[in-house]
Amino acid sequence: MTSSAQPPQAEGPDVAPRPPAAPTANSMRRALKRARDGVALDVAEAAVLLQARGDDLDDLTASAARVRDAGLEAAGRAGVITYSKSVFIPLTRLCRDKCHYCTFVTVPGKLRRAGHGMFMSPDEVLDIARKGAELGCKEALITLGDKPEDRWPEAREWLDAHGYDDTIAYVRAMAIRILEETGLLPHLNPGVLSWTDFQRLKPVAPSMGMMLETTATRLWSEPGGPHYGSPDKEPAVRLRVLEDAGRSSVPFTSGLLIGIGETYEERADSLFALRRIARSYHGIQELIIQNFRAKPDTAMRGMPDAELDDLVATVAVARHIMGPSACLQAPPNLVAGEYGRLIGAGIDDWGGVSPVTIDHVNPERPWPRIDELAEKSGAAGFTLRERLCIYPEFVQRGEPWLDPRLLPHLRALADPGTGLANEEAEVRGLPWQEPDEGFAASGRTDLHHTIDTEGRTGDRREDFDSVYGDWAALREAAAPGMVPSRIDADVRQALSVAADDPTKLSDDEALALLHADGAALDALCKVADDVRKSVVGDEVTYIVTRNINFTNVCYTGCRFCAFAQRRTDADAYTLSLSQVADRAEQAWDVGAVEVCMQGGIHPDLPGTAYFDIAKAVKERVPGMHVHAFSPMEVVNGATRTGMSIREWLTEAKASGLDSIPGTAAEILDDEVRWILTKGKLPTATWIEVVKTAHELGLRSSSTMMYGHVDQPRHWLGHFRTLARIQQETGGFTEFVTLPFIHTNAPVYLAGIARPGPSARDNRAVTAMARLLLHPHIPNIQTSWVKLGQEGAAEMLRSGANDLGGTLMEETISRMAGSSYGSYRSVKDLVAIADAAGRPSRPRTTLYGEVPRERVSAAHTSDGHLPELLPVLDS
């Protein structure tokens, strides 16, 4: 008998590997015993167990069922098997991929001949959803092909004609209408998504999904493979999607398609890849184990179907690998009535079952009736219960897995005690809107002051063990990147090149200088200081500014950030608009020319809140420069409003935004970035935001946070990236060095990051910033709040020319454990310049001259707030 795990021989010898030898009896006995004993399996043992048949298969499924039963009991659902009552909405059957087994996808000509549009119309979508609601369905499964507009001009024309930028925009719009007009909960299967796509869709759908299918790259890369010619089926791409879903805290469904030509080892590898991601982010809500069924009119029509034994063994092995808490599903319409065998192998869910629509992916396989499914489940000793598209564990977790705009819809349909569906709930449309709270002052709004007098309540937030992902998995991921590079270049030669023309430094030479120490480091700093003097002269600049952090409520999960709090934490706060404006006015009164405003990604604040903040300041203090909103906040605002980044920045500028801080950069290398943060924007998106801002005339600073899990090679890449952007846009005003403050940083408390940069690191980074960004970014800023007076003065002797601002209040670094206070007076900043033997002068945000009136006001007050000035009350 041909094993379904082997590739079809018809696909050609260039695809088919040599069939593996059957496992020995001894290897099978050993693997079965390890499974029975609950010992962790490896890939080789899993591959052996995938081939279990007969009595061996019975042994395997029995142990898998025990694992499943333990998980259900722990979850409070002992003896329960679930399903979702759904409708299937095939939004478009066009796709840019060419999978050799797929009958769901079609071409524009066939759609036209059948009288269909390129996409379902809104009326067609809502008609299906309304019929589902009438019959008590609670899930709208929206499935479609990947990015059809990239392949089919007809799809692009349809989207343009109907006012949508892309397919994702149409998916978002239809999800909102389904929520508002029918009450069904959208579960989205739009294929490969980017990190930004997840931000766009998360507010409109409680859950999403995409099958991994397989990690066997050869099935995608080699001619004749089932995924050949399908860009979205590259395993690395699909794994990145699963990672981004976890980073975005999106409850996500994935799984395997078995029997498409993968070997048992490749199938086992796929399961371990899914386990790794599930363990890292705790965001995979269910795994579907789907068996291949050959279909006529496809390239793989002659391939044998996956055998039932193969499916049963894969379910059982998946249960052992994924563990008791995982939710496993096998589609009931693809198992020829053999429900009992799948239950016995360890599934706990039947997936979506529709009383309204067919399975458009497998149209030849009708859904079983729900009463039949209940009867067959009962025969196996299980009670059938309805769930929502989002699994009960995620309903009960709440934030950050649920967007506040979806909470009313979920509460209307969920059983509050179990998180399962309330089967008696009325399914009706509800408004999709921002939470009612809006901008109301709450929490510890005096933190900007009391952080210096009382400190923070605790060294970590209460959800420390969950909000950042799995710490053990993170340690494994971080270890390779923390190994220092070998340096072969000659430091003396590199110093000679730097002194002659720093623009000619090769990467090897630059890396050698980034590692310099002792006399070589002294020489490097001297070269950098000479370049500084030739470019910007001796004057040290500073700005009279106020930081206003309008909220610290955030669930992004940045592992370096000690500022972010849950809304219920003792140190959490949010300022009202009037409090923001009050603080800006107070700053103006003491000579400020700028307010720098940033905040946490508060789930309740609408995307337009940033516009309101800028307007509030400009209305109160028209002359104040509004330097605000990091690239992360820009993306948050854009995705929440459904606007493009360019549209959002344009509106922000019209509301009073003058420039943006180039924070949220950390290290512009995703190898480091995904260790530092769970959910912050990736490097490519940061670059997109900054370049778009520059194109719109919104200049920005640039930054680098270093000294955590990074190495000098990452610093070099970061500098090169910033230099390229500046050569293209000319929009950076300065580069700011941000040494990592470790004391209360979660990634340090978890034992992963090192305790900040050394004094050597600080000098080398400052000096190399001067050299590697020359002549493109002339201003190099050092941070007194992170380095203190003596440290800042040393950086002024190492290539820096700017001290940043008076700040007046500073909460972010102080929450992280900085011991250098929250403000510096003008006299303090002048004293730092004096300590470096340099003159000083005030500047504007864009490094212009400060008006005399502002200089006089700052001189009178010394650039800081009088102690008796009220700053807490709105």
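Our subject is the structure listed above.
Residues numbered from 1 in each chain as written. Predicted model: local features only at pLDDT ≥ 70, side-chain atom pairs only at ≥ 80, totals over all residues. Heavy atoms only, no water.

Caption draft 1: Spotlight on the overall build of the protein. If you tally the helices and strands in the protein, you get 35 helices and 21 strands. What you see for the protein is a C-alpha radius of gyration of 30 Å, in line with the 29 Å of a compact globule of 874 residues. Principal axes of the C-alpha set define a box for the protein whose edges measure 85 × 60 × 55 Å. Within the protein, the fraction of its 874 residues that count as buried is 63%. Looking at the protein alone, contacts between residues at least 24 apart form 78% of all its contacts between residues at least 6 apart. (Helix = DSSP H or I, 4+ residues; strand = E, 2+ residues; numbered from the N terminus. Rg over C-alpha atoms; globule rule 2.2 N^0.38 Å. Buried < 20%, exposed > 50% of the residue type's maximum accessible area, 1.4 Å probe, protein only. Contact = heavy atoms within 4.5 Å.)

Caption draft 2: Local environment of the packing of helix α22 (residues 518–536) against helix α31 (residues 759–772). Across the interface, α22 lies against α31 with an axial gap of 9 Å and an inter-helix angle of 40°. One way to sum up the angle between α22 and α31 is to call them oblique. Taken as a pair, α22 and α31 cross one another with a handedness that is left-handed. Contacts from L521, D522, L524, C525, V527, A528, V531, R532 and V536 of α22 reach α31 at R760, R763, A764, A767, M768, R770 and L771. Of the residues assigned to the contact of α22 with α31, the class counts are 11 nonpolar, no polar and 5 charged. (Axes fitted to C-alpha atoms, helices over the stretch in contact; angles between N-to-C directions. Parallel < 35°, antiparallel > 145°, perpendicular 65-115°, else oblique. Left-handed = near helix turned anticlockwise from the far one by under 90°. Nonpolar A, V, L, I, M, F, W, Y, C, P; charged D, E, K, R; others polar.)

Caption draft 3: Spotlight on the side chain of T574. In this structure, T574 sits in strand β13 (residues 573–574). At a separation of 2.9 Å, a polar atom in the side chain of T574 contacts the side chain of T551. (Polar contact = N/O pair within 3.5 Å; in protein donor to acceptor, adjacent residues only side chain to side chain.)

Caption draft 4: A look at the pairing of strand β18 (residues 732–739). Of all 8 residues in β18, 8 are buried, a share of seventy percent or more. In this sheet, β18 lies alongside strand β17 (residues 699–706) in parallel orientation, the contact comprising 6 bridges. Note on β18: the bridge partner recorded for T703 is V736. What joins β17 to β18 is helix α29 (residues 712–729), and the crossover it makes is right-handed. In this sheet, strand β19 (residues 780–781) lies alongside β18 in parallel orientation, the contact comprising 2 bridges. Bridge pairing links V736 to Q781 in β19. (Pairing = 2+ DSSP bridges. Right-handed = clockwise from strand over helix to strand, strands pointing away.)

Caption draft 5: How the structure looks around unusual backbone geometry. Cis geometry is adopted by the peptide bond preceding P400, which originates at E399 and carries an omega value of 5°. Tracing the backbone shows P400 in the loop between α15 (392–397) and α16 (407–413). Backbone torsion omega between H774 and P775 reads -5°, so that peptide bond is classified as cis. One non-glycine residue with positive phi stands out, namely H282, at about 55°. The exposure class assigned to H282 is partly exposed, which follows from its relative accessible area of 32%.

Caption draft 6: Examining helix α34 (residues 826–835) more closely. Among all positions of α34, only V826, L829, I832 and A833 are buried. What you see down the axis of α34 is that its buried residues fit within an arc of 120°, all on one side. In α34, the exposed positions angled more than 90 degrees off the buried face are occupied by K827 and D834. The inward-facing, buried residues of α34 abut β11 (540–543), α32 (784–796), β20 (802–805), β21 (840–842) and α35 (852–861). G837, located one to two residues past α34, shows a positive phi value of around 75°. (Arc of directions from axis to C-beta.)

Caption draft 7: Spotlight on the pairing of strand β5 (residues 252–258). Judged by how many residues are buried, β5 sits mostly within the fold: 7 of 7 residues are covered. Neither face of β5 is exposed, since F252, S254, L256 and I258 on one face and T253, G255 and L257 on the opposite face are all buried. Where strand β4 (residues 207–209) lies against β5, 2 bridges are found, and the strand directions are parallel. The residue bridging M208 from the neighbouring strand is F252, located in β5. Bridging between β5 and strand β6 (residues 284–291) involves 7 bridges; their strand directions are parallel.

Caption draft 8: Region of interest: the pattern of salt bridges. If you walk through the whole model with that rule in mind, you get 58 salt bridges. Of the charged contacts in the structure, one is a salt bridge between R247 and E243, with a shortest N-O distance of 3.6 Å. One end of the pair, R247, and the other, E243, are both in helix α10 (residues 235–247), 4 residues apart, so they sit about a helical turn from each other. For the pair R247 and E243, a shared accessibility class is recorded, and that class is buried. For R279, the salt bridge goes to E476, with nearest N and O atoms at 3.3 Å. With R279 in helix α11 (residues 264–281) and E476 in helix α19 (residues 471–478), this pair connects stretches of sequence that are 197 residues apart. (Salt bridge = Lys/Arg side-chain N within 4 Å of Asp/Glu carboxyl O.)

By themselves, these figures tell us nothing about what the structure is for.
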